[in-house]
Amino acid sequence: MQRNRKYRYMAAFVLLGAGVLVLLALNICIGSVKITLPDMLRTLGNQERNGTAARILWDIRLPRAAAVLILGGALALAGYLLQTFFHNPIAGPFVLGISSGAKMVVALVMVFLAGKAVRVTSASMILAAFVGAMLSMGFVLLLSRRVSRMSMLVVSGVMIGYICSAVTELVVTFAEDEQIVNLHNWSQGSFSGMTWENVEVMAVVVAAAFAVVFLLSKPLGAYQLGEAYAQNLGVNIRLLRIGLVVLSSILSACIVAFAGPVSFVGIATPHLVKKLLGTTEPIWMIPACFLGGSAFCLFCDLLARCLLAPTELSISTVTAIFGAPVVLWVMAERKKERVA
Amino acid sequence: MRYYFKTKQLSVGYQAKPLIRDIEIGLEKGEILTLIGPNGAGKSTILKSIAGQLQLMGGNVYLEQKDMTQMSGKEISQRMAVVFTEKLRTELMTCEDVVATGRYPYTGRFGILSKEDYAIVGEAMELVHVSGIKNRDFTKISDGQRQRVMLARAICQEPEMILLDEPTSFLDVKYKLEFLSVLQELRRKKGLTVIMSLHELELAERISDRILCVKGEYVERFGKPEDIFKPGYIRSLFDIGAGSFDEENDSMELEAPAGRADIFVIAGGGTGRKVYRRLQRQGRAFLTGILFENDLDYPAARALAAGVIKAEGFEPIRETLLMEAREKMDSCQKVICCKRTFGSLEKANEELLAYARETGKNVEII
């Protein structure tokens, strides 16, 4: 049994890893300017930076693909942490209104700073998003003390999301500055316009958060059994809960700061990955979720760019098409189990 | 006296509201303490407070003279295991996985189990006879199996003490006995100290070294089972209105039928109990006799009959008693005799049967 499982985990990781690599290559090659695979490998191998194709590859496609890889993984991980925290299979940064809270504060900060003609750095964006994420999280936590039913918690989150989105729309509509023309695009969710500077910052933040989450995999596993039993196993519940809130907010903030709110990846990916692995053990789930989120987002971003090219779809449109059915499937499955 | 486990003026409750005050428990290592008392009396609250899941409202809990609030989570987890009524949340976990979670306090940073850990897991599962279902999904086994897996999990934690909240509630009689036998075995082999709550009073009396009776704001009694199970006490502890509990025989009877008794049952030696209970089910009041006070039928007769003609044990039945029985029989239409042969000391009952025939009663012999 133990050995069979090891093989299954290995197979799952090989599959996910291969999926990410293939999708990464596709994302770099496909677009308005086609780049063949040998061309891509040559350009990357020789560090060629001249010529249109090379410039497109180095300045546009590669940073974008890297960002999708990092943020997609972060998003899935944030969803996994929130689902664990609330013992709620349909929790995620988007449905709980955390993404929208982050979006709101980022929009406010951008409009405010744009008025003062200050350049907005990646780090300050993340900070703003983190503040917004914590704000929403705070509300959700307060509500979760009053409503214990998981469906009600999600409804509350969606409501918070609506309020925050409304405020954001208001800000965006009244802002006239040219610098925030992009704001509308961003507030719908999009991976376009990533720079290497963005990628560096997000890589550092996400890598740090990932490392901490991975180190927490043992207490997380105990926490999944329920608070009473985790406590008896010697887990410091309070500390772990705070850690979960902060980490999931940092991860969610990172995504919103760079790509705006992206729906359903956070909810759907952990379920798909769980089915693939056949376990919920955090030590396997954490890295697998990250890879799964990366693959899911790379796939969706590819479609977002290509389906109606040259017009680009908002990323949430695509993720919703593939993610929402997964959520419905999860809920149907749960219901069935409870009846049986 | 220095107890292994001790509570001093312990007050427990929820949200700063003490529910039960001044709980004083003292246990030697390897003793079994059972909490009994009516539903909602606070047995679970006491267990949860001892386990450190609820903040103490006052007082202290000591394990080997050490205040438990001063112990680290890890230390407590290696000394005390729990099996609560809350369901363990699991997803895609086999029974073996669930048992293996008990090794948590002993594994490293990433919680990976060694060969020795798996050996202990296997041993624990063997002990409670769940090895056969180790690869089954934990959510897809019966309640009884689940309870045993939970015990294996607690055993796996290699604790010195184990707290169990109504561990036998979902078990059938076979597994109830087996479950408690495992606890006794652990106590004998490893000196395990047990604190648990039980609803089965007869089991509580048999397995416990100490019993704590919880009712209302204070602990009603704490002591040895022989001091607790005194006649009439259980009735008052549980405020039993309908039916009865016999502390000396651990037997429960439903409420005695009301109304005028017009059936007389001649019984003795355990032949009458089934008849009494059948009459109770039919709601028909009855008289019975002549029974010796130490007769097997006597406890049920006392609980169910409208009147019992009783004789002193190990003594010949006096003539006056027979007279009284005849008199009582006169008021009845029907006589049920549960006996076909009569011993030399119960010739009185034989005479009673003859009297019933003489007086033309409707006699039924079973």
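Remember, predicted model here, so these are calculated numbers, not experimental data. (Residues numbered from 1 in each chain as written. Chains lettered and ligands numbered in written order. Predicted model: local features only at pLDDT ≥ 70, side-chain atom pairs only at ≥ 80, totals over all residues.)

Each helix and strand counted, chain A has 14 helices and zero strands in total. Listed N to C, the secondary structure of chain A is α-α-α-α-α-α-α-α-α-α-α-α-α-α in terms of helices and strands. Relative to the globule expectation of 20 Å for 340 residues, the C-alpha radius of gyration of chain A, 20 Å, shows essentially globular dimensions. Once the C-alpha set of chain A is aligned to its principal axes, its extents read approximately 60 × 50 × 35 Å. A burial count over chain A gives 49% of its 340 residues as buried. Pairs at least 24 apart in sequence give 79% of the contacts found in chain A among residues at least 6 apart. (Helix = DSSP H or I, 4+ residues; strand = E, 2+ residues; numbered from the N terminus. Rg over C-alpha atoms; globule rule 2.2 N^0.38 Å. Buried ≥ 20, exposed ≤ 12 C-beta atoms within 10 Å, placed from the backbone. Contact = placed C-beta atoms within 7 Å.)

Looking only at helices and strands, chain B features 13 helices and 17 strands. For 366 residues, the compact-globule estimate of 2.2 N^0.38 gives 21 Å, and chain B exceeds it by more than 25% at 27 Å. Overall, chain B is about 90 × 45 × 35 Å in size when its C-alpha atoms are taken along their principal axes. Taking all 366 residues of chain B together, the buried fraction comes to 42%. Taking contacts inside chain B between residues at least 6 apart in sequence as the whole, the part at least 24 apart equals 65%.

Attention now moves to the packing of helix H3 (residues 52-86) of chain A against helix H11 (residues 237-259) of chain A. Residues and elements named next belong to chain A. Put simply, H3 and H11 touch, their axes get as near as 9 Å, and they point 150 degrees apart. Where H3 crosses over H11, the handedness of that crossing is left-handed. Note on element contacts: H11 touches H3 through Arg241, Leu244, Leu247, Ser248, Leu251, Ser252, Cys254, Ile255, Phe258 and Ala259, opposite Ala67, Leu71, Ala74, Leu75, Leu77, Ala78, Leu81, Leu82, Thr84 and Phe85. Taken together, the residues that form the contact of H3 with H11 break down as 16 nonpolar, three polar and one charged. (Axes fitted to C-alpha atoms, helices over the stretch in contact; angles between N-to-C directions. Left-handed = near helix turned anticlockwise from the far one by under 90°. Nonpolar A, V, L, I, M, F, W, Y, C, P; charged D, E, K, R; others polar.)

Quick look at the nonpolar core now. By size, the foremost hydrophobic cluster in this structure holds 180 residues, and its most contacted members are Leu71, Leu77, Ala129 and Cys254 of chain A together with Leu163 of chain B. When residues in this core are grouped by element, the largest group, 18 residues, is from H3 of chain A. In this structure Leu77 of chain A touches Phe210, Val213, Leu251, Ile286, Cys289, Phe290 and Gly293 of chain A, once residues within four positions along its chain are discounted. Listed in part, the 33 residues of the second largest apolar core include Leu279, Ile290, Ile317 and Leu322 of chain B. (Core = buried A, V, L, I, M, F, W, Y, C linked by C-beta atoms within 7 Å.)

It is worth spelling out the confidence of the model for chain B at this point. Residues and elements named next belong to chain B. This prediction gives chain B a mean pLDDT of 91; 100% of its residues lie at or above 70. Averaged pLDDT values for the elements of chain B fall to 86 in strand E11 (residues 244-246) and rise to 96 in strand E8 (residues 193-197). Listed scores for the predicted complex are pTM 0.87 and ipTM 0.84. (pLDDT = per-residue confidence, 0-100.)

Taken together, the contact between chain B and chain A spans 22 residues of the former and 22 residues of the latter. Looking at the side of chain B that touches chain A, the elements that each hand over two or more residues are helix H2 (73-79) and strand E6 (80-83) of chain B.

Now for the pairing of strand E1 (residues 5-14) of chain B. If a strand is regular, its side chains alternate between the two faces of the sheet. Residue and element names in this part refer to chain B. Bridge analysis of E1 against strand E4 (residues 58-63) gives five bridges, and the strand direction is antiparallel. Looking across to E4, one finds that Lys8 is bridged to Asn60. Bridging between E1 and strand E2 (residues 17-27) involves seven bridges; their strand directions are antiparallel. Within E2, the residue paired with Lys6 across the bridge is Gly26. (Pairing = 2+ DSSP bridges.)

What follows is about helix H12 (residues 265-277) of chain A. Because the α-helix completes a turn every 3.6 residues, residues three or four places apart line up on one side. Between its terminal C-alpha atoms H12 of chain A stretches 18 Å, which fits the 18 Å expected from 13 residues at 1.5 Å a residue. Among the residues of H12 of chain A, those classed as buried are Val265, Gly266, Ile267, Ala268, Thr269, Pro270, His271, Leu272, Val273, Lys274 and Leu277 of chain A. (Expected span 1.5 Å × (residues − 1).)

Right, let's get into unusual backbone geometry. Going from Gly289 of chain B to Ile290 of chain B, the amide bond is cis rather than trans, its omega being -15 degrees. With respect to the helices and strands, Ile290 of chain B occurs in strand E14 (residues 287-292). The phi dihedral of His87 of chain A is positive, around 50 degrees, even though this residue is not glycine. By secondary structure assignment, the location of His87 of chain A is in the loop between H3 and helix H4 (98-115). Of note, the phi angle at His129 of chain B is positive, near 60 degrees, even though the residue is not glycine. Along the chain, the position of His129 of chain B falls in the loop between helix H4 (115-127) and helix H5 (143-156). You can call His129 of chain B partly exposed: it has 14 C-beta atoms within 10 Å.

On to the sheet that holds strand E13 (residues 263-266) of chain B, then. Adjacent strands of a sheet form backbone hydrogen bonds with each other and so pair up, either parallel or antiparallel. Residue and element names in this part refer to chain B. A sheet is described by the order of its strands in space; here five strands give the open sequence E15-E14-E13-E16-E17, paired in parallel fashion. Of all strands in the sheet, those bounded by a partner on one side alone are strand E15 (307-311) and strand E17 (362-365). Strand-to-strand twist across the sheet, computed as the mean angle between neighbouring axes with direction ignored, equals 20 degrees. Across three bridges, the pairing between E13 and E14 is parallel. Opposite Phe264, over in E14, you have Leu287 as the bridge partner. With respect to the sheet, helix H12 (residues 319-330) is in contact with E13, E14, E15 and strand E16 (334-337), its orientation differing from that of E15 by roughly 165 degrees.

The next subject is the environment of Lys274 of chain A. Residue and element names in this part refer to chain A. Examined against the element boundaries, Lys274 turns out to sit in helix H12. By the C-beta count within 10 Å, which is 23 here, Lys274 ends up buried. A C-alpha to C-alpha distance of 33 Å links Lys274 and Leu41, two positions 233 residues apart in sequence.

Another aspect to go through is the packing of H12 of chain A against helix H13 (residues 282-306) of chain A. To characterise two packed helices, one gives the angle between the axes of the helices and the distance between these axes. Residue and element names in this part refer to chain A. Relative orientation of the contacting elements H12 and H13 amounts to 120 degrees, with a least axis distance of 9 Å. On the basis of the axis angle, H12 is oblique to H13. Here H12 runs over H13; the crossing is right-handed. Contact residues: H12 offers Val265, Thr269, Pro270, Leu272, Val273, Lys274 and Leu277, while H13 offers Trp284, Met285, Ala288, Cys289, Gly292, Gly293, Phe296 and Cys297. In the contact of H12 with H13, the residues fall into eleven nonpolar, three polar and one charged. (Parallel < 35°, antiparallel > 145°, perpendicular 65-115°, else oblique.)

Another aspect to go through is the environment of Gln157 of chain B. Residues and elements named next belong to chain B. With respect to the secondary-structure elements, Gln157 resides in the loop between H5 and strand E7 (161-165). Overall, Gln157 belongs to the buried group, with 25 C-beta atoms counted inside 10 Å. Through-space distance from the C-alpha of Gln157 to that of Pro316 is 60 Å; in sequence the pair is 159 residues apart.

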